[in-house]
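Coordinate inspection notes
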Amino acid sequence: MAYLTAMRPHDLLVPTAAGLCCPPGGFHIDPLRPVDKALITHGHSDHARPGHGAVLATQETLDLMRLRYGDGFARSTQAVRYGETLSLGGVAVSFHPAGHVLGSAQIAVARNGLRIVASGDYKDVADPTCAPFELVRCEVFITEATFGLPVFRHGDPQHEIEKLLRSVALFPERAHLVGAYSLGKAQRVIALIRAAGYGKPIYLHGALDATTRYYAARVDLGDLRAARDAAKSELAGAIALCPPSALKDLWTRRFPEPVTAFASGWMRVRARARQRGVELPLVISDHADWDGLTATIAATGAAEIWVTHGAEDALVHWCTARGLAARPLRLVGYGEEDETSLEGAPQVETT
Ligand SMILES: [Zn+2]
Ligand SMILES: [Zn+2]
């Protein structure tokens, strides 16, 4: 392989304690600790942390970071458009849609004929709330592995929404509470509910307000209302969204006989739904499932795969069996915000 003589992957991108580092470019990707220059794939808090010097990200990711952390989240910021190529220390850098949440990007770094794509979190299925995943051919592909086990096949999210709407029709006197992560999942669930033809108001927990308003300025999410302003009688037969943690707290008492639902790829595992007391598990994920991960890896044409962020070993094994060079990155610190973690539930064993 020609690139091996020109440049070795580890000269271009190397895992360090602070995260993936590009020494010639002088930057880190999704760093876990404060660094001088950070390139951020998307706004989830396990990837987008405050306290860096310069932050380069899509405009949406910068906006979502500002919403969460306030104006002082970085010393300086630079918005990068999808497809635009920057030169950082002689390294060509470009951002490409990852299909994960609004503004999410894969970051491609290239030098001397070697291209590495750090995909961040991604999914390869349609999502009305963000730009679709773009395949970027490369020599080395860095993939997440949140649902990197063959048992995870997410299916059609619209079927899950139909399940929810059937339950709403069946119990018109009860409220339906849908636990959903506050950035991305909640807004996608709302968009899916609207796509199914549901036109009534949808009620929101206060913790979902800011990000949902940001999305609603870009995607039509219909009539959204604050649950705190609604009378209990108004909430009979209604759908309300809240962060997953709120499903178990006092907040639910304002609702008449609530049915609890939870939208997550983990809902494929019935034991997890039971463990959380979820009556209506909805298998809806913003991460690629097993088929999506393996199809994407194959399609990139990469001969070398670095696996991170989840069930690394099964995916490494799959790659190796197909003659690809593959290894787990074992970066720690990812999976605190989005559905990589289920608060209170055991994590997928990765070692
Ligand atoms: Zn994420
Ligand atoms: Zn993540």
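Not measured: the values here are computed from a predicted model. (Residues numbered from 1 in each chain as written. Chains lettered and ligands numbered in written order. Predicted model: local features only at pLDDT ≥ 70, side-chain atom pairs only at ≥ 80, totals over all residues. Heavy atoms only, no water.)

1. So, the overall build of the protein
Within the protein, the regular secondary structure consists of 9 helices and 19 strands. Over its C-alpha atoms the protein spans a radius of gyration of 21 Å, differing by no more than 12% from the 20 Å that the globule rule assigns to 351 residues. Along the first, second and third principal axes, the C-alpha set of the protein runs to 70 × 45 × 30 Å. Across the 351 residues that make up the protein, the buried fraction comes to 58%. For the protein, contacts bridging at least 24 residues in sequence account for 61% of all contacts bridging at least 6. Of the accessible surface of the protein, which amounts to about 13,600 Å², a share of 53% is contributed by carbon and sulfur atoms. (Helix = DSSP H or I, 4+ residues; strand = E, 2+ residues; numbered from the N terminus. Rg over C-alpha atoms; globule rule 2.2 N^0.38 Å. Buried < 20%, exposed > 50% of the residue type's maximum accessible area, 1.4 Å probe, protein only. Contact = heavy atoms within 4.5 Å. Areas by Shrake-Rupley, 256 points an atom, 1.4 Å probe, with all protein chains shown as cover.)

2. As for the packing of helix H8 (residues 290-300) against helix H9 (residues 312-321)
Close contact between H8 and H9 brings their axes to 11 Å; oriented N to C, the two are set at 40°. Accordingly, the angle class assigned to the pair H8 and H9 is oblique. Regarding H8 and H9, the two cross each other, and that crossing is right-handed. The segment H8 lies against H9, with Trp290, Leu293, Thr294 and Ile297 engaging Ala314, Leu315, Trp318 and Cys319. For the contact of H8 with H9, the per-class residue count stands at 7 nonpolar, 1 polar and no charged. (Axes fitted to C-alpha atoms, helices over the stretch in contact; angles between N-to-C directions. Parallel < 35°, antiparallel > 145°, perpendicular 65-115°, else oblique. Left-handed = near helix turned anticlockwise from the far one by under 90°. Nonpolar A, V, L, I, M, F, W, Y, C, P; charged D, E, K, R; others polar.)

3. Here's the deal with the coordination of the zinc ion (ligand 2)
Protein-derived coordination of the zinc ion (ligand 2) comes from Asp46 (OD), His47 (NE2), Asp121 (OD) and His309 (NE2), at a distance range of 2.1 to 2.6 Å. The coordination sphere of the zinc ion (ligand 2) comprises 4 donor atoms, whose angles at the metal cover 87 to 159°; the geometry is irregular. Of note, the zinc ion (ligand 2) draws all its donor residues from one chain, in the sequence arrangement D-H-x73-D-x187-H. Here the zinc ion (ligand 2) and the zinc ion (ligand 1) are spaced 3.5 Å apart, with Asp121 acting as a shared donor. With a gap of 262 residues between them, His47 in the loop between strand E4 (37-39) and strand E5 (52-57) and His309 in strand E18 (residues 304-310) connect regions that are remote in the sequence. (Donors = N, O, S within 2.8 Å, 3.2 Å for Na, K, Ca; no water. Tetrahedral: all angles 85-135°; square planar, octahedral: opposite > 155°, others 65-115°.)

4. Comments concerning unusual backbone geometry
Look at Asp30: it is not a glycine, yet its phi comes out positive at around 45°. Relative to the helices and strands, Asp30 resides in the loop between strand E3 (27-29) and E4. Taking relative accessible area as the criterion, Asp30 reaches 4% and is therefore assigned buried. You will see that His309, though not glycine, has its phi angle at about 65°, which is positive. A relative accessible area of 6% means that His309 is categorised as buried.

5. What to know about the pairing of strand E11 (residues 140-145)
Summarising burial for E11: 6 of the 6 residues are buried, a large majority. Taking every second residue as pointing to the same face, both faces of E11 are buried, with Val140, Ile142 and Glu144 on one and Phe141, Thr143 and Ala145 on the other. Bridge count for strand E10 (residues 114-118) against E11 is 3 bridges, and the pairing is parallel. Looking across to E11, one finds that Ile116 is bridged to Val140. Bridge count for E11 against E18 is 6 bridges, and the pairing is parallel. Residue pairing across strands places Val140 opposite Glu304, the latter belonging to E18. (Pairing = 2+ DSSP bridges.)

6. Overview of the sheet that holds strand E6 (residues 74-79)
Overall, mixed pairing links the 6 strands, which are arranged E1-E2-E3-E4-E5-E6 in an open sheet. The open sheet has two free edges, formed respectively by strand E1 (14-16) and E6, since each of these has just one partner strand. The average undirected angle you get between the axes of adjacent strands in this sheet is 30°. Sheet topology places E3 next to E4; 2 bridges connect them, and they run parallel.

7. Here we look at the environment of Thr296
Checked against the element boundaries, Thr296 lands in helix H8. Since its relative accessible area comes to 4%, Thr296 is described here as buried. C-alpha of Thr296 to C-alpha of Tyr122: the two residues are 174 residues apart in sequence and 10.0 Å apart in space. In contact with Thr296, other than residues within four places in its own chain, are Tyr122, Asp124, Phe133, Leu135 and Phe141.

8. Considerations on the pattern of salt bridges
Within the structure shown, the criterion is met by 15 salt bridges. Its salt-bridge partner being Arg66, residue Asp71 comes within 3.6 Å of it at the nearest N-O pair. In this structure Asp71 comes out as exposed when scored by relative accessible area, which is 65%. A cluster of three or more residues bridged by salt bridges with shared partners is formed by Lys123, Asp127, Arg188 and Asp286. (Salt bridge = Lys/Arg side-chain N within 4 Å of Asp/Glu carboxyl O.)

As far as function goes, none of this settles anything; it's purely spatial.
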